[in-house]
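Coordinate analysis (summary)
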Amino acid sequence: KSRPPSRPPGSPPPRRPPPSVHCEAGAILATYSKYCKKRTGKDKDLFKKAVRLFLFVDDASAKADMERTVSQALAKLALPRELLASQESLEELKAVGLKGQQYFIIPTLFHLVADLQRQKREFAVLFRSFGKDHEKVKGEWNAFCELRHPVFSRLIQDVGPLDGSVPSLPDRRGHDLHT
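Here's what I pulled together on the structure shown here. (Residues numbered from 1 in each chain as written. Predicted model: local features only at pLDDT ≥ 70, side-chain atom pairs only at ≥ 80, totals over all residues. Heavy atoms only, no water.)

Regarding the overall build of the chain
- Looking only at helices and strands, the chain features seven helices and zero strands.
- When the helices and strands of the chain are placed in sequence order, the string is α-α-α-α-α-α-α.
- Buried positions account for 27% of the 179 residues belonging to the chain.
- Here the analysis covers contacts within the chain between residues at least 6 apart in sequence; of these, 49% occur between residues at least 24 apart.
- Within the structure as shown, the chain displays about 13,200 Å² of accessible surface, and the carbon and sulfur contribution to it stands at 55%. (Helix = DSSP H or I, 4+ residues; strand = E, 2+ residues; numbered from the N terminus. Buried < 20%, exposed > 50% of the residue type's maximum accessible area, 1.4 Å probe, protein only. Contact = heavy atoms within 4.5 Å. Areas by Shrake-Rupley, 256 points an atom, 1.4 Å probe, with all protein chains shown as cover.)

As structure tokens, this is what we get:
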């Protein structure tokens, strides 16, 4: 099948197939992850490799689009360079569980929680993990709630800590982990 013209660099991937792509009657669209799961069966190592490396994508243009999307997402999770430049900043990052080059939590969540809290909206935050990163996520989240996060605590500076120490604010820290 012919591919539609490539989209402009930096634009988000389409959420639906282009009009030029015709699916068979009764065809069910699936995510790439679900497709890999079906192809790899119970082989977890092959599944992980197929998802990470796009092993089952034959079309070079589609694979390049997928790799570009992953690169863009990872770039948005990258810690600010200035924080990685000094030993003092590295120690601060390490203290909240950020030992690599990226956040564990998508930055947008911090902005959303700050906005919801400022609007005095009722809400809850639930983290779902599929690996062994629970403690890392909990560490970064709790640092945010306790105004210790080196980047995002500034978002709630005017609201106050979300650690139960202010009577009018809930304790939003993670306490228990269930796997």
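Looking at the nonpolar core
- If you look at the biggest cluster of nonpolar residues, it comprises 24 residues, and the most contacted ones within it are F110, W141, F144, F152 and L162.
- Breaking this core down by element, the ones donating at least two residues are helix 6 (107–118) and helix 7 (134–145).
- No other element matches helix 7, which puts five residues into this core.
- With sequence-adjacent residues up to four places away left out, L162 is seen in contact with V113, Q117, F144, C145, I156, L169, P170, D171, R172 and R173.
- Core analysis: the next-biggest nonpolar cluster, separate from the first, contains eight residues, Y32, F47, A50 and F54 among them. (Core = buried A, V, L, I, M, F, W, Y, C linked by side-chain atoms within 4.5 Å.)

Details of a nonpolar patch on the surface
- A grouping of L46, L53 and L55 is seen on the molecular surface, where their side chains present a nonpolar patch of about 230 Å² in accessible area.
- By the element assignment, L53 lies in helix 2 (residues 44–53). (Patch = residues over 30% accessible without salt bridge, like charges linked within 9 Å, V, L, I, M, F, W, Y side chains within 5 Å. Salt bridge = Lys/Arg side-chain N within 4 Å of Asp/Glu carboxyl O.)

Let's talk about the environment of C145
- Of note, C145 is situated in helix 7.
- Since its relative accessible area comes to 0%, C145 is described here as buried.
- C145 sits 19 residues away from G164 along the chain, and the two C-alpha atoms are 9.2 Å apart.
- Ignoring sequence-local partners within four residues, the contact set of C145 consists of I156, P161, L162, D163, R172 and R173.

A closer look at unusual backbone geometry
- Even without glycine at this site, F54 takes up a positive phi of about 55°.
- The residue F54 is located in the loop between helix 2 and helix 3 (60–76) in this model.
- Judged by its relative accessible area of 8%, F54 is buried.
- Positioned with a positive phi, L147 is a non-glycine residue whose angle comes to about 60°.
- Following the sequence through the fold, L147 ends up in the segment after helix 7.
- On the basis of relative accessibility, which here comes to 27%, the residue L147 falls in the partly exposed class.

Digging into the side chain of T40
- In this fold, T40 is placed in helix 1 (residues 32–40).
- Within polar-contact distance, the side chain of T40 engages the backbone oxygen of C36 at 2.8 Å.
- T40 has contacts with L46, F47, A50 and F56, leaving out every residue within four places of it along the chain. (Polar contact = N/O pair within 3.5 Å; in protein donor to acceptor, adjacent residues only side chain to side chain.)

Here we look at the packing of aromatic side chains
- Applying the stated criterion across every chain, the model contains nine aromatic pairs.
- Relative to F56, the ring of Y35 has its centre 6.3 Å away and its plane inclined at 85°; by these criteria the two rings are edge-to-face. Highlighted residues: Y35 in helix 1 and F56 in the loop between helix 2 and helix 3, separated in sequence by 21 residues.
- Given a relative accessible area of 36%, Y35 falls into the partly exposed group. (Phe/Tyr/Trp six-rings, centres within 6.5 Å; stacked < 30°, edge-to-face > 60°.)

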